[in-house]
Structure formats: structure tokens, C-alpha cells
Amino acid sequence: TPNKRKYRSVELSELCNQATVRVKLRKAGSGEAVPTLTNASQEQLIMKAHNSIYQMFNQICMTSNKNPKLEFVYSFIEESIKLEAADCCALLSPLTASVLYHLVRMEPARFPPQAMLRIFDTSSAKGRRNALTGLCLLRNIPPEKLPES
């Protein structure tokens, strides 16, 4: 209902605009409770959330069975690739190369060679090395697993 939405938006804005952020314990991926940042700026909170989502992606990708969570990771990467190159690299920078290679091995049809060049920052030596490793991985996959182009 409109009243509930209005109340919720006011409640959310109050939470975001408080001068001090209360210390809360949240469950970390390892199962232990850790305190959140206190008196953190909005930018620090966004960076922490950005890194946390990739920690969650790493945990999701550890299992090799296909499920809706893994589909979300694939969709997130596919949508990120559609962004401009600089934005794509910045957004996907916390994604480890080993996790991406694991995803490529599981479903190579979802990663055309152009995607590898957009995911990794080719202006750095490490980014070029990771992109080339991903391209070699795609090259070595049997043709029946690749999409028809």
C-alpha cells in the first residue's frame, strides 16, 4: 500500500542519513559475527558492500552444481559486460580470475572472446595475462560446448 511504502522510504532515508552508524553485528561468510564499520562514510560503505557481494559470489561458485544463485552470478557478469569498458573493469575488479575461469569451464557458451577482453583491465600486465589465460581456456574447450557463431 502507498502508506507502507512512504513509511519505509522515510525509514530508509533516516537510516542512511544518521550522523553515526550504530555498530551492528552481521554474520560473515565464515559463520562468525563481525562488527560493521562505525562512523563510515557513504563511499566506504558502498566499497564494503561491493567487496562483500564478490565474497558471496566466490562462495556461490564453490559448488559446481547449477542453481538459481549461480545463474544470478552469470547474469550479473553478462550485464556488467554490456557497460562501457572502464565501468565494466571497475565493477568486476574484485572478481578473482580463478572464479571466472571456473565459471568459463562450467558454461563456456556464456563467455565469448570479446567478453574476456572487457572483463579484465588490459591496460595492466596482470589484466592482460588474465585475459590471455581466459582466451586460451576458451580455445582449448571442445567445439561442441561452444556456441555456434
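Whatever comes next refers back to the structure up there.
Each chain has its residues counted from 1, following the order in which its sequence is written. Thresholds applied to this predicted model are a pLDDT of at least 70 for local features of residues and 80 or more for the giving and counting of side-chain atom pairs; totals over whole chains, interfaces and linings are not thresholded and use all residues. Only hydrogens and water are set aside when side-chain values are computed; all heavy atoms of the structure are taken into account.

(A) Focus on the pattern of salt bridges. One speaks of a salt bridge when a side-chain nitrogen belonging to Lys or Arg is within 4 Å of a carboxyl oxygen belonging to Asp or Glu. Enumeration according to the criterion identifies five salt bridges in this entry. Between Arg110 and Glu71 there is a salt bridge, with the nearest N and O atoms lying 2.7 Å from each other. Of the two residues, Arg110 sits in the loop between α5 (97-106) and α6 (113-119) while Glu71 sits in helix α3 (residues 68-81), which places them 39 residues apart along the sequence. Think of it in three bands: with a 1.4 Å probe and only protein chains considered, a residue is buried below 20% of the maximum accessible area for its type, exposed above 50%, and partly exposed in between. On the accessibility criterion, Arg110 (17% relative accessible area) is buried. For Glu71, a relative accessible area of 36% gives the class partly exposed. A salt bridge links Glu107 to Arg110; the nearest nitrogen and oxygen atoms lie 3.6 Å apart. Among the charged side chains, a salt-bridge network with shared partners connects Lys66, Glu71, Glu78, Glu107 and Arg110. In this description a helix means any DSSP run of H or I spanning at least four residues, a strand means any run of E spanning at least two, and both kinds are numbered starting from the N terminus.

(B) Inspection of the packing of α5 against helix α7 (residues 125-139) at higher detail. Axes here refer to lines fitted to C-alpha atoms; in helices the fit is confined to the stretch in contact. Angles between the N-to-C directions go from 0 to 180 degrees. Relative orientation of the contacting elements α5 and α7 amounts to 15°, with a least axis distance of 10 Å. Judged by the inter-axis angle, α5 sits roughly parallel to α7. The hand of the α5/α7 crossing is right-handed. Taken together, the residues of α7 that come into contact with α5 (itself represented by Ala97, Tyr101, Val104 and Arg105) are Asn130, Thr133, Gly134, Leu137 and Leu138. Its residues placed into classes, the contact of α5 with α7 shows five nonpolar, three polar and one charged. Here the word oblique covers every angle except those under 35 degrees (roughly parallel), over 145 (roughly antiparallel) and from 65 to 115 (roughly perpendicular). Should the near helix be turned counterclockwise from the far one by less than a right angle, the crossing is left-handed, whereas a clockwise turn marks it as right-handed. What makes two residues a contact is simply this: any of their non-hydrogen atoms within 4.5 Å. Charged means Asp, Glu, Lys or Arg here, nonpolar means Ala, Val, Leu, Ile, Met, Phe, Trp, Tyr, Cys or Pro, and polar covers whatever is left, Gly included.

(C) Structural context of the nonpolar core. Judged by nonpolar contacts, the single largest core of 28 residues is most densely connected at Ile77, Leu100, Leu103, Val104, Phe111, Ile119 and Phe120. When near neighbours in sequence (up to four residues on either side) are disregarded, Ile119 contacts Ile77, Ile81, Cys88, Cys89, Leu92, Leu100 and Phe111. For the purposes of this section, nonpolar cores are sets of buried Ala, Val, Leu, Ile, Met, Phe, Trp, Tyr and Cys residues that join through side-chain atoms within 4.5 Å.

(D) Main features of the environment of Asp87. Residue position: Asp87 is located in helix α4 (residues 85-92). Separated by 31 residues in sequence, Asp87 and Arg118 have C-alpha atoms that sit 9.6 Å apart.

(E) Main features of the side chain of Glu107. Along the chain, the position of Glu107 falls in the loop between α5 and α6. Every residue in contact with Glu107, bar those within four places of it in the chain, is listed here: Lys66 and Tyr74.

(F) Seen up close, the packing of aromatic side chains. Only rings of Phe, Tyr and Trp enter the pairing, Trp through its six-membered ring, and a pair is recorded when the two centres are within 6.5 Å. The plane angle decides the type: under 30 degrees is stacked, over 60 is edge-to-face, the rest tilted. Under the criterion given, the structure shown has seven aromatic pairs. Between Tyr54 and Phe76, the aromatic rings sit 6.1 Å apart at their centres with planes inclined by 75°, giving edge-to-face as the arrangement. Residue Tyr54 is located in helix α2 (residues 42-61), and its partner Phe76 is located in helix α3; the two are separated by 22 residues in the primary sequence. The class for Tyr54 is buried, based on a relative accessible area of 2%. Plain terms: the ring middles of Phe57 and Phe72 are 6.0 Å apart, the flat faces sit at 65° to each other, and that makes the pair edge-to-face.

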